[in-house]
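A structural walkthrough
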Amino acid sequence: MTMMHETPVALPRRAVTITIDGDEVKVPEGATILDACKVHGTDVPTLCYGDTLDPVNACRVCVVEVEGNRVLIPSCSRKVEPGMVVNTDNERTRHSRRMVLELLGSSVDLSAAPNVQGWMQQYDADPARFGDANTMRTVQQPVKVDNDLYVRDYSRCILCYKCVDACGEQWQNSFAITVAGRGFDAHISTEFDVGLPDSACVYCGNCIEVCPTGALMFKTEHDMRQANTWNEAEQRQTTTVCPYCGVGCNLTLHTQDNTIVKVTSPHDHAITSGNLCIKGRFGFQHVQTFARD
Amino acid sequence: MDLRFPDATPTLDEVQALDSVLGPSLIAEGWEREHGGAHRAEALRHRLLPSLHALQDRIGYISHGGLGELCRRLDVAPAEAYGVASFYAMFSMEQRPPRVAHVCADLACQALGAGALLDAVQAECGPPNQTGVAGAWQPSPCLGLCERGPAVLVTEAGAPAHEAVVAPAIATDVAVALRVGPRGLGAEAPVVDAVPQASSPEGRSALVLLKRVGVVDPSSIDDYRAHGGYQALRAAAAMGPSGVIREVTDSNLVGRGGAAFPAGRKWAAVAGQPVRTHYLVCNADESEPGTFKDRVIIEGDPFSLIEAMTICAFATGCEQGFVYLRGEYPRALEHLQHAIESARSRGYLGANVMDLGFAFDIEIVRGAGAYICGEETAIFNSIEGYRGEPRSKPPFPVEAGLFGKPTVVNNVETLVNVLPIMLHGGQAFASIGTPGSTGTKVFCVSGSVTTAGVYEVPYGATLRELIELAGGVPAGRTLQAVLLGGAAGSFVRADEIDFPLTLEGARAHNTTLGSGVVMLLDDTVDLPTFLRRIAAFFRDESCGQCVPCRVGTVRQEEALVRITLGQRPAAENVHDMQVLRDVGRAMRDASICGLGQTAWSAIESAIDRLGAFEGLSS
Amino acid sequence: MVGLATVFGAGGGTSSYREIEDTDVIVLWGSNARFAHPIFFHHVLTGIRNGAKLFVVDPRRTASARWADRWLGLHVGSDIALAHAIGREIIAAGLYHRAFVEGSTTGFDEYRAAVDPWTLERAEAVTGVPADAIRELAHAFANADRAQMCWTLGITEHHNGVDNVLSLINLNLLCGHVGRYGAGINPLRGQNNVQGGGDMGAIPNKLSGFQDILDDDARHKFEGAWNCTIPPHHGKHLTQMFESMERKEIRALYVIGENPAQSEADSGHAIHILEGLEHMVVQDIFLTKTAELADVVLPATAAWCETEGTVTNSERRVQRVRKAIDPPVGARDDTAIIVELAHRMGHPEWDYPDSETIWNELRSLSPMHAGMSYGRLEEHGGIQWPCPSNDTFEPSFLHGRLWAENLADRGRLAPFSPVPWAGPVDLLSDEFPIRLTTGRRLDSYNTGVQSGAIASPLRQGETLDLNPDDAMRLGIDEHELVLVSSRRGSIKAPVRFDSHLRPGLAFMTFHFPDEIDVNVLTIEANDPKSGTAEFKASAIRVEKLQAPADTHLPVAGQ
């Protein structure tokens, strides 16, 4: 979808030419190496990158080699510079990507993360080489179910910061969650780890929208997965407009068996950029639970 | 901002503690408050770290009620404040006894028997981190007291809080300290004891940066002036800002914190930024195990740092300076605080410095126990009141640093080098040392050494000469290895110490000087235990932001433990050696900052240069 | 919609959400957008993070007000006094946009005379807002290169709501904050298709596309297309309809997707009128309280997820709604029901096989919608009106014509409105000393018909929110059940303390009418121009109940 023309407030951007894997690629000034790779058709894996968020470049799975640099460079955040020579797929980048996948795979449950299993194969990653759960540290822990709208399963959390950024300054500005602690003990938390109902959470679900691994999940989805009835192949997605206030947020309804099982919002829509409020995100029950006759 | 605050209420002590740093004027919440919003909150955010210190200092931990009150006053979300507080090792998020003994378990002290001390303390005082007692002890990362290890820092919450150092310490000292508290302990050794060269006239004559330590009264600005103080600033004023930068550039002075970036280039870059305000950050967060030179300079000659910062500010157009000082340096804090106040009251800081027509002032920001905050961008986040996580570069600090403004960030030793440059000129400075490494260098010699301390020598002296200056390993022992640059550095063998201590000499020798740590390990030091401590240090100090470092430092430590402790078939050790190399390479290549990039260096050099595990994997 | 249409001819907000992010000063007046329009507030937040200064004018220190650089907590119903004082200060300080005022507006002298008595001192006395806060807002608004004025029901739900709107529009005219990118006037709509309803002609005085029903050419165009005669006079708005029903002039009512039995002020009176009808048909997705009173109930599909069509949002963006699930057996599209009714009433020629056919008919009759094919709506994620062309788009803001070089190109100049100030109808007295105002909470919506099913952890049920000091004076504890009375009736409600409410001010919502019917208290004092009732200002008394309060209170919604 291309958004309707908005009055331009900036001058047209200059084009910058860089070299990716031997080919010249021209992209607008200000684009990232990742943007350039997309233009070039180069597949670069990403986990912490969010299309609606400032890059935190924390996962490091998107690293590339930029000639003249001592270390590898996160493609999601580094802006192109004229004449940059980028190698995306050599032994060095493949090694770091493999290690990131292995390190994450050894400590986090990635089974609900889209694409990851494919990358594991592509990069020949073997997370089991570090030992088993009894001999090494993982983030395994019980699922947090403290409200009826969404659950938090931090066994699946790769600490990409996206939920924190969506809850915080970049979008929702509720600041209910943060990264607490340090090092391997760093974790997503409310203050003193109080439950969501005692926190500043307003249940907009904008954290769920950006979570790349299923650590944050609609309770409906969680319950259906537990009951083995979650079937994405059977689901349809339909984008419509929220039935509540007059802002006109676009909702994408995920339906299975004529039931709404999840609500998202298009990330490329200028009204929401993927964000909703509690009414838009969770206010669909009235069309399916009430006896309407 | 429509933040939600916890219901818990603060105690009177906590309210007073916050009043002492924030003043009583900030209305908390409710209909009487007309002003608010994000802009006000942004302007107040940098007061978060001092406020957390105030709470911790007052009652010994951060309570729900105290944190909530702090958040109400500063309009900080409780989750955010919790995230910041829990980042720092010095803040306890659980109730803790007011009196705590921090027993150094780190590298230099370990070479001096810290392992045995920890065992003895446990036997005499019980397990660490006890609750429900008047005083508890806990193992600590390097306290920067390496010249007199094994070291203990005793803290006591209250109004005011008290701190004292016991070094070198034995287990009984810890038991006494927990019983009587810091106020009941004897005076700390004078700072000049850390400068062995100062004990003889010929040794003292070699000192440039350390020449006033033990000579000047660190509490007297007049004594400082009587010993040549503020002559350099006068010289700088005479040559003007661009003249200062020219001399610094000509001197070839490079950063002494480890990265060796040319100071003149950094200063020129900031001076040339049209954006205002410009900030100066003095990095005094020396947390590299085995480093204590900045502490010695600040404790012994605090006005020299103030003068040097003033010169830098004059040259680069900085209106505000910050000294980010390690939280574990009580005496340095006291001396520097006093010196800044004296300088301010005498017109050496303030709206019109020395009537030279420029404004500059300095604020001390106390670190709170995080090695990563020595990283030049993490330090900005910490000062601004955020988690001390490094930022991605670009943008570089000279363009967008502290508060998003152009910022000079230099460490203490780098800055005080500016004084001789101003007094004698850049050319004269450059004539000392070698063409590639100019001036003198302060090395921190510690571990298995006869006379530990800071030693100032011209660049170009060999490692052997430095070791001999410090008396070599204690009589009857033999040198096993030298760790250069600290935990982030690398080992050299006893037969490799004849290379010159210069940037280029170290590079040619495939090692690094880092921040100047020279830690000697004699034959009594158990290398595997020492390496495990290095691995544990990085695991503890990783900020957790990027995957290679967050998980890699854990996997590195686990593999090292398996290799060094397990009775296993060689094949399993071979497997884990490969794990170490693979993880280490990814940490070096793909970590965000220098911490992760160097977390494998020392261990790698132990394997490759010292042959640490040769017997195990073959 | 009436206020904007009066001044500019078109009843729509003049800016787009995106422009809020690129403005310098944002004024939210009588709008708690943080709760009522959360995603619009995201754009405000982006604006704030980009450096914009936010002022919030509201009797309550709402969630939105807490984001303001400065909150102006005025007395309920003193909006015009405050707006006039701001206008006077801008003029007195010489900060108004002379070129714009002289070249693009009319009636400045009358306006200047009308605001002249409103000195800062007098305004402080009448509004309760400190003079320096008024001055600060006035100067910031006037000095800004771009400023946005946004409001919601806090402005319109008064007996003089249209005058309130006009008094705010005056300020934008005074400073030239309209017709430019980033500067504008924006009412935020309370429902997802309030704007679309007006656009389509579901208002008493306009045909589709804001074409005047009294305009012969326009009317004839529609008559030709529909093969019928359109009465050449204005219809009735909701309040006038109720008045006519009360006088038995209207005896039958067809209600589509409204719940007036619970949403009208003085609800007891409204129900009485509905019960007096000879015949009532209710078409809804639920059996609402109104539907329970009906003679015939027509089950409809949920327009947002069981039907194809379009809605229009507060920035005039027409967007597609799409069918995602099948409706319950027996429920039919609103349009299908209407077509079927037409067939039964003897018009078999009504032939609309799908929503796109209806839409294309509209496009042929409403020039401002002409360029909005379903294909283009799909491609661009909605299109803002006006969109007369199939190939191009208009700017994202309205009324750029006012800045045209030549006077002739500026069209009808924008008139100032020298409106008088009049306080709330329901006066405070010794008997009713507390001012009750109403509004919304974040997780609930209107009468709760749709939002009641959200398993919201935020929900606390209906409460009477009071300043804690007021409550203490009355000897009332938090959570205590009290008797709340106005001149129209009494209800019982539990008390919640809210330190953000100024003394003398109380707050309730009407989200839980089945448990606590707040509209028993509100006054049906309607704006003669818009028909909106004064939900925002009732005089009440709060009393302890005689019997000891039940310790376990029933919580609404559970």
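Since we're looking at a predicted model, the values are computed, not measured. (Residues numbered from 1 in each chain as written. Chains lettered and ligands numbered in written order. Predicted model: local features only at pLDDT ≥ 70, side-chain atom pairs only at ≥ 80, totals over all residues. Heavy atoms only, no water.)

1. Here we look at the overall build of chain C
Regarding its fold elements, chain C presents 21 helices and 23 strands. Each principal axis of the C-alpha distribution contributes one length, and for chain C these read about 70 × 60 × 45 Å. For chain C, with 558 residues in total, the buried portion stands at 60%. As displayed, chain C has an accessible area near 20900 Å², and 53% of this comes from carbon and sulfur atoms. For chain C, the distance from the average site of its 50 positive side-chain charges to the average site of its 74 negative ones is 4 Å. (Helix = DSSP H or I, 4+ residues; strand = E, 2+ residues; numbered from the N terminus. Buried < 20%, exposed > 50% of the residue type's maximum accessible area, 1.4 Å probe, protein only. Areas by Shrake-Rupley, 256 points an atom, 1.4 Å probe, with all protein chains shown as cover. Lys, Arg positive; Asp, Glu negative; His and termini not counted. Charge placed at Lys NZ, Arg CZ, Asp CG, Glu CD.)

2. Some points on the packing of helix H5 (residues 79-92) of chain C against helix H7 (residues 108-115) of chain C
All names here are of chain C. The contact between H5 and H7 brings their axes to 9 Å, and the two run at 115 degrees. Judged by the angle between their axes, H5 and H7 are roughly perpendicular. Handedness of the H5/H7 crossing: left-handed. In this structure, H5 contributes Ala83, His84, Gly87, Arg88 and Ile91 to the contact, and H7 contributes Phe108, Tyr111, Arg112, Ala114 and Val115. Class assignment of the residues belonging to the contact of H5 with H7 gives a composition of 6 nonpolar, 2 polar and 2 charged. (Axes fitted to C-alpha atoms, helices over the stretch in contact; angles between N-to-C directions. Parallel < 35°, antiparallel > 145°, perpendicular 65-115°, else oblique. Left-handed = near helix turned anticlockwise from the far one by under 90°. Contact = heavy atoms within 4.5 Å. Nonpolar A, V, L, I, M, F, W, Y, C, P; charged D, E, K, R; others polar.)

3. A word on helix H13 (residues 216-226) of chain C
Residue and element names in this part refer to chain C. Three or more residues of H13 are buried, namely Ala218, Arg219, Phe222 and Glu223. Along H13, the residues classed as buried sweep out an arc of 135 degrees about the axis, all on the same side. In H13, the exposed positions that point more than 90 degrees away from the buried face belong to Asp217 and Gly224. Where H13 is buried, its residues meet strand S7 (206-207), strand S8 (211-212) and helix H19 (355-365). Capping the start of H13, Asp215 holds a side-chain oxygen 2.9 Å from the backbone nitrogen of Asp217, two or three residues further along. (Arc of directions from axis to C-beta. Polar contact = N/O pair within 3.5 Å; in protein donor to acceptor, adjacent residues only side chain to side chain.)

4. Digging into the side chain of His95 of chain A
In this structure, His95 of chain A sits in helix H2 (residues 91-107). His95 of chain A has contacts with Asp582, Arg585 and Ala586 of chain B, leaving out every residue within four places of it along the chain.

5. Observations concerning the environment of Leu377 of chain C
Residues and elements named next belong to chain C. Checked against the element boundaries, Leu377 lands in helix H20 (residues 374-380). Look at Leu377 and you get buried, because its relative accessible area is 2%. Distance from Leu377 to Leu474, taken between C-alpha atoms, is 57 Å for residues 97 residues apart in sequence. Beyond its immediate sequence surroundings of up to four residues, Leu377 is in contact with Thr310, Val318, Arg320, Trp359, Met372, Gly382 and Ile383.

6. Section: the domain arrangement of chain C
All names here are of chain C. Examined at the domain level, chain C breaks down into domain 1 (2-187), domain 2 (194-384) and domain 3 (434-544). The C-alpha-based centres of domain 2 and domain 3 are spaced at 31 Å. Taken residue by residue, the interface counts 13 residues in domain 2 and 20 residues in domain 3. Between domain 2 and domain 3 lies a buried interface of about 1300 Å² when both sides are counted; carbon and sulfur atoms form 51% of it. Between the two partners, domain 2 and domain 3, sit 1 salt bridge. (Domains from an automatic or database assignment. Buried area = accessible area lost by both parts, 1.4 Å probe. Salt bridge = Lys/Arg side-chain N within 4 Å of Asp/Glu carboxyl O.)

7. Brief notes about the nonpolar core
For soluble globular proteins, the rule of thumb is that nonpolar side chains tend to be buried together. In terms of nonpolar packing, the biggest core is built from 260 residues, with Tyr88, Trp267, Leu305, Ile306, Phe491 and Ile534 of chain B together with Phe40 of chain C touching the most fellow members. With 10 residues, the top contributor of residues to this core is helix H14 (residues 302-316) of chain B. Residues Leu82, Ala85, Val162 and Ile169 of chain C belong to the second largest nonpolar core, which totals 56 residues. (Core = buried A, V, L, I, M, F, W, Y, C linked by side-chain atoms within 4.5 Å.)

8. Observations regarding the UniProt feature "domain: Molybdopterin oxidoreductase" (unreviewed entry) in chain C
Within this numbering scheme, the UniProt entry marks residues 15-343 of chain C as carrying the feature "domain: Molybdopterin oxidoreductase" (unreviewed entry). Helix and strand shares over residues 15-343 of chain C are 43% and 16% respectively, and the end C-alpha atoms of the span are 42 Å apart. (UniProt positions renumbered as here; feature names shortened; annotations may be inferred.)

9. Overview of the environment of Asp146 of chain A
Residue and element names in this part refer to chain A. With respect to the helices, strands and loops of the structure, Asp146 is situated in the loop between helix H3 (116-122) and strand S6 (150-152). When near neighbours in sequence (up to four residues on either side) are disregarded, Asp146 contacts Arg152, Gly195, Leu196 and Pro197. Here Arg152 takes part through its side chain, which lies 3.0 Å from a polar atom of the side chain of Asp146.

10. A closer look at the UniProt feature "domain: Molybdopterin dinucleotide-binding" (unreviewed entry) in chain C
Per the UniProt record, the feature "domain: Molybdopterin dinucleotide-binding" (unreviewed entry) sits at residues 435-537 of chain C. In this annotation, residues 435-537 of chain C is assigned 6% helix and 31% strand; the end-to-end C-alpha distance for the span is 7 Å.

11. Regarding the interface of chain A and chain C
Chain A puts 59 residues into the contact, and the matching count from chain C is 66 residues. Note that Glu169 of chain A and Arg49 of chain C form a salt bridge whose closest N and O atoms lie 3.8 Å from each other. Contributing elements (two or more residues each) for the side of chain A that touches chain C: strand S10 (236-241), strand S11 (250-256), strand S12 (259-264) and helix H7 (278-282) of chain A. Counting residues per element, the side of chain A that touches chain C draws most heavily on S10 of chain A, at 5 residues. Taken together, the residues of the side of chain A that touches chain C sort by class into 29 nonpolar, 24 polar and 6 charged.

12. Details of the sheet that holds strand S9 (residues 440-447) of chain B
Residues and elements named next belong to chain B. Read from one edge to the other, the open sheet built from 5 strands follows the order S10-S9-S13-S11-S12, with strand pairing classed as mixed. Pairing within the sheet leaves two strands with one partner each, and these edge strands are strand S10 (453-458) and strand S12 (490-493). Looking at each pair of strands side by side, their axes are set apart by 30 degrees on average, direction ignored. Pairing geometry for strand S11 (residues 479-484) and S12, over 4 bridges, is antiparallel. Within the sheet, the bridge partner assigned to Val482 lies in S12 and is Val492. Each of S11 and S12 is contacted by helix H26 (residues 601-608), which is oriented at about 25 degrees to S12, the strand it contacts most. (Pairing = 2+ DSSP bridges.)

13. Section: the interface of chain A and chain B
Contact with chain A, which involves 50 residues of that partner, is made by 56 residues of chain B. The largest share of the area that chain A buries against chain B comes from Phe175, Arg182 and Phe192 of chain A, three residues that together contribute 21% of it. In this structure, the connection of chain A to chain B is made through 5 salt bridges. Between Glu541 of chain B and Arg182 of chain A there is a salt bridge, with the nearest N and O atoms lying 3.1 Å from each other. The tally of links from chain A across to chain B stands at 29 residue pairs in polar contact (both at pLDDT 80 or more). Where the side of chain A that touches chain B is concerned, the elements lending two or more residues are H2 and strand S7 (178-180) of chain A.

14. Details of the packing of aromatic side chains
Residues and elements named next belong to chain B. Going through the model one piece at a time under the given rule, you end up with 27 aromatic pairs over all chains. Measuring from ring centre to ring centre gives 6.4 Å for Phe322 and Phe403, while their planes differ by 55 degrees; the resulting arrangement is tilted. Note that Phe322 is positioned in strand S6 (residues 318-325) and Phe403 in the loop between helix H16 (378-384) and strand S8 (407-411), a separation of 81 residues in sequence. Members of the aromatic cluster, each reached through a chain of ring pairs, are Tyr224, Tyr230, Phe303 and Tyr348. Here the basic side chain of Arg45 rests over the ring of Tyr386, its NZ or CZ set 3.9 Å away from the ring centre. (Phe/Tyr/Trp six-rings, centres within 6.5 Å; stacked < 30°, edge-to-face > 60°. Lys NZ or Arg CZ within 6 Å of the ring centre and 35° of its normal.)

15. Regarding a nonpolar patch on the surface
All names here are of chain C. Together, Tyr254, Ile256, Ile338, Leu341, Met345 and Trp350 line one region of the surface with nonpolar side chains, adding up to about 540 Å² of accessible area. Looking at the nonpolar patch, the elements that each hand over two or more residues are strand S9 (252-256) and helix H18 (334-344). With respect to the helices and strands, Trp350 occurs in the loop between H18 and H19. Judged by its relative accessible area of 35%, Trp350 is partly exposed. (Patch = residues over 30% accessible without salt bridge, like charges linked within 9 Å, V, L, I, M, F, W, Y side chains within 5 Å.)

16. Regarding the environment of Ala54 of chain B
All names here are of chain B. Structurally, the position occupied by Ala54 is in helix H3 (residues 48-59). Accessibility expressed as a relative area gives 11% for Ala54, which makes it buried. Taking the C-alpha atoms as reference points, Ala54 and Gly113, 59 residues apart in sequence, are found 34 Å from one another. For Ala54, the residues in contact, after removing those within four places along its chain, are Ala17 and Val21.

17. Details of empty space enclosed by the protein
Residue and element names in this part refer to chain C. Enumeration over the complete set of coordinates arrives at 9 cavities of 30 Å³ or more. Within this model, the largest cavity holds a volume of roughly 370 Å³. As for the largest cavity, its lining consists of 30 residues, of which Gly30, Asn32, Gly154, Gly439 and Lys536 are closest to the centre. Examining the composition of the lining of the largest cavity, we find that 3 residues originate from one element, strand S16 (residues 434-439), more than from any other. (1 Å grid on protein atoms, 1.4 Å probe; cavity = no way out; pocket = protein on both sides within 12 Å on 5 of 7 lines; lining within 4 Å. Points joined across faces, edges and corners; volume = space filled by probe spheres on them.)

18. Structural notes on the pattern of salt bridges
Counted under the stated rule, the structure contains 94 salt bridges over all chains. For Glu221 of chain A, the salt bridge goes to Arg225 of chain A, with nearest N and O atoms at 2.8 Å. One end of the pair, Glu221 of chain A, and the other, Arg225 of chain A, are both in helix H6 (residues 219-226), 4 residues apart, so they sit about a helical turn from each other. We classify Glu221 of chain A as buried; its relative accessible area is 5%. On the accessibility criterion, Arg225 of chain A (29% relative accessible area) is partly exposed. For Lys293 of chain B, the salt bridge is made with Glu413 of chain B, and the minimal N-O distance between the two is 2.7 Å. Taken together, the residues span a long stretch of sequence, with Lys293 of chain B in helix H13 (residues 293-300) and Glu413 of chain B in helix H17 (residues 412-416) at a distance of 120 residues.

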